[in-house]
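Spelled out from the first residue to the last, the chains are:
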Amino acid sequence: QVQLVESGGGLVQAGGSLRLSCAASGRTLSNYFMGWFRQAPGKEREFVAGVTWSTGNTYYADSMKGRFTISRDGAKNTVDLQMNSLKAEDTAVYYCAARARVEREYRYWGQGTQVTVSS
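Reading guide: rules and limits
- Each chain has its residues counted from 1, running along the sequence as written.
- A pLDDT threshold of at least 70 governs which residues receive local features in this predicted model, and a stricter bar of 80 or more applies before side-chain atom pairs are shown or counted, although totals over entire chains, interfaces and linings include all residues.
- Side-chain numbers here rest on the full set of heavy atoms in the structure, without hydrogens or water.
- Side-chain rings of Phe, Tyr and Trp (the six-membered ring for Trp) are treated as a pair once their centres are within 6.5 Å; stacked means planes under 30 degrees apart, edge-to-face means over 60, and tilted covers the remaining angles.
- Runs of H or I in DSSP of at least four residues are treated as helices and runs of E of at least two as strands, each being numbered from the N terminus.
- Classification of residues uses two cut-offs on accessible area relative to the type maximum, computed with a 1.4 Å probe and protein chains only: under 20% is buried, over 50% is exposed, and between them is partly exposed.
- Definition used: whenever NZ (Lys) or CZ (Arg) falls within 6 Å of the ring centre and also within 35 degrees of the ring normal, the charge is taken to sit over that ring.
- Note on terminology: a nonpolar core comprises buried Ala, Val, Leu, Ile, Met, Phe, Trp, Tyr and Cys residues joined through side-chain atoms within 4.5 Å.

### What about the packing of aromatic side chains?
Then, number 1: Per the counting criterion, the structure on display carries 8 aromatic pairs.
Then, number 2: Seen from their ring centres, F33 and Y59 are 5.6 Å apart, and the 50° between their planes marks the pair as tilted. One end of the pair, F33, is in strand β4 (residues 32–39); the other, Y59, is in strand β6 (residues 58–60), with 26 residues separating them in the sequence.
Then, number 3: A relative accessible area of 8% means that F33 is categorised as buried.
Then, number 4: Centroid distance F37 to F47: 5.6 Å. Interplanar angle 75°. Geometry classified as edge-to-face. You can see F37 sitting in strand β4 and its partner F47 sitting in strand β5 (residues 46–52), a full 10 residues away along the chain.
Then, number 5: Residue F37 is classed as buried on the basis of its relative accessible area of 10%.
Then, number 6: Feature note: the residues F33, F37, F47, Y59, Y95, Y106 and W109 constitute an aromatic cluster, connected by ring pairs.
Then, number 7: A cation over a ring is seen here: R45 above W109, with NZ or CZ 3.8 Å from the ring centre.
Then, number 8: Directly above the ring of Y106 sits R99, whose terminal nitrogen or CZ lies 5.5 Å from the centroid.

Have a look at this one:
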């Protein structure tokens with residue numbers, strides 16, 4: 001089991017920044033891929049960014065490239081999402097998730113953290 005707890009959400013004005021953090025526990029993450037997803041009201045959940053824990057390789061949805069940065073800290077067992085130049089359309093609940101690299105589905109999810117961007 002992997003337990004994930006997100007933090008750092010809140011209310012920010014358009015153009016501002018927020019940093020989300022996901023604290024992971026329960027298993028060694030060396031064989032895991034960590035991802036951030038988001039779900040806006042009335043919309044499907046979408047992939048935001050991901051990182052391969054062992055290599056640090058990062059991946060982004062096209063619309064997030066250049067504005068969002070994902071990173072992991074092995075000492076703290078955290079995965080952060082730095083979000084800059086926020087827009088009203090970034091308003092959503094953001095979720096941290098983990099999947100074993102040999103699996104295709106994300107098995108573990110956090111409870112989510114709300115990000116609201118006011119225009």
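More follows now that the structure is in view.
### Digging into unusual backbone geometry
Then, number 1: Within the chain, N77 stands out as a residue other than glycine whose phi angle is a positive 60°.
Then, number 2: Among the secondary structure elements, N77 is positioned in the loop between β7 (68–73) and β8 (78–83).
Then, number 3: The phi dihedral of S85 falls on the positive side, at around 50°, and the residue is not glycine.
Then, number 4: With respect to the helices and strands, S85 occurs in the loop between β8 and β9 (92–100).

### A closer look at the nonpolar core
Then, number 1: Core analysis: the biggest nonpolar cluster contains 32 residues, and L4, M34, W36, L81, M83 and Y94 have the highest contact counts within it.
Then, number 2: Elements with a contribution of two residues or more to this core: β3 (18–25), β4, β5, β7, β8, β9 and β11 (113–118).

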